[in-house]
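Overview (structure and organization)
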Amino acid sequence: FNTGYNLSHCGIVLKEGDSIKIIHTVSSELSNIDGVQTENLDKFVRESVLNTLVVVRYKADSLQRAEIAEASKSYLTRNKHFDHKFDIADTTEFYCTELIHYAFMDVYKKDMFPERLQSDHPNFLGLNAFLDSTKFDIIINHQPAKKELP
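In short, a report on the structure.

Each value, and the rule that gives it
Residues numbered from 1 in each chain as written. Predicted model: local features only at pLDDT ≥ 70, side-chain atom pairs only at ≥ 80, totals over all residues. Heavy atoms only, no water. Salt bridge = Lys/Arg side-chain N within 4 Å of Asp/Glu carboxyl O. Helix = DSSP H or I, 4+ residues; strand = E, 2+ residues; numbered from the N terminus. Buried < 20%, exposed > 50% of the residue type's maximum accessible area, 1.4 Å probe, protein only. Contact = heavy atoms within 4.5 Å. Core = buried A, V, L, I, M, F, W, Y, C linked by side-chain atoms within 4.5 Å. Disulfide = S-S within 2.5 Å. Pairing = 2+ DSSP bridges. Axes fitted to C-alpha atoms, helices over the stretch in contact; angles between N-to-C directions. Phe/Tyr/Trp six-rings, centres within 6.5 Å; stacked < 30°, edge-to-face > 60°.

Another aspect to go through is the pattern of salt bridges. Applying the stated criterion across every chain, the model contains 10 salt bridges. Here Lys85 and Asp90 are joined by a salt bridge, their closest N and O atoms 3.7 Å apart. In the salt-bridge network here, residues are joined through shared partners; they are Glu16, Lys21, Glu70 and Lys73.

Here you go:
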């Protein structure tokens, strides 16, 4: 599915007091920690590819969004390593969108992204799920403007 966006990673924004952090999961090939971890927003943005950042907000009230953030934080203590197989059915390890999928599952007690089951890869949740305008609003977009085709 071509979204028209240059995206490769995702995480959940956490506001803790005056600081903003991102909870995400990455491989030890990219980080000193393998798996679920937090990172200061400044570092996360600095290590992102220039002009690729997109921030979306789930269309729910602030209490529900806070519950999703808390659910994602609970995985910090569960020793979830990075899932190099990208298999959403295996919950022993997480890739980036899988972390978000299970945080939503913890809060809503159901699969909030069932459209993946209709794809050629039902055990994979792609980044395009977070660009679904019926579920998410884009609130920051650093992507270059899309060129119109002639």
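On we go from here.
Now for the environment of Cys10. Summarising the element assignment, Cys10 is placed in the segment before β1 (12-16). Its relative accessible area of 11% is what places Cys10 among the buried residues. In this structure, the C-alpha to C-alpha distance between Cys10 and Ile23, residues 13 residues apart in sequence, is 9.0 Å. When sequence neighbours within four positions are dropped, the list of residues in contact with Cys10 reads His24, Cys96, Thr97, Ile100, Leu127 and Phe130.

The tendency in soluble globular proteins is for nonpolar side chains to be buried side by side. Residues Tyr58, Phe104, Phe113 and Phe130 are the most contacted members of the largest nonpolar core, which totals 29 residues. Mapped onto this core, the elements with two or more residues apiece are β1, α2 (62-74) and α3 (96-108). Per-element tally for this core: the top contributor is α3, with 7 residues. Once residues within four sequence positions are removed from consideration, Phe130 is found in contact with Cys10, Val56, Thr97, Ile100, Phe113, Leu125 and Phe136.

On inspection of all chains with the given rule, the structure shows 0 disulfides. Of all cysteine sulfurs in the structure, the one in Cys96 sits closest to Cys10, which takes part in no disulfide; the separation is 3.8 Å.

The sheet built from 3 strands is open, its strands ordered β1-β2-β3 with antiparallel pairing. For this open sheet the edge positions go to β1 and β3 (35-40), each flanked by a neighbour on one side alone. Here the strands of the sheet are splayed against their neighbours by 30° on average, with no regard to which way each runs. Relative to β3, strand β2 (residues 19-26) runs antiparallel, the two sharing 6 bridges. Along β3, the bridge assignment pairs Ile23 with Thr38. Contacts between α2 and the sheet are confined to β1 and β2, with β1 contributing the most and set at about 95° to the helix.

For the rest of this paragraph, the subject is the packing of aromatic side chains. Scanning all chains against the criterion turns up 15 aromatic pairs. For the pair Phe86 and Phe124, a centre-to-centre distance of 6.2 Å together with 65° between the ring planes defines the contact as edge-to-face. With Phe86 in the loop between β5 (81-82) and β6 (93-94) and Phe124 in the loop between α3 and β7 (136-141), the pair connects residues that are 38 residues apart, well separated along the chain. Among the residues examined, Phe124 registers a relative accessible area of 33% and is labelled partly exposed.

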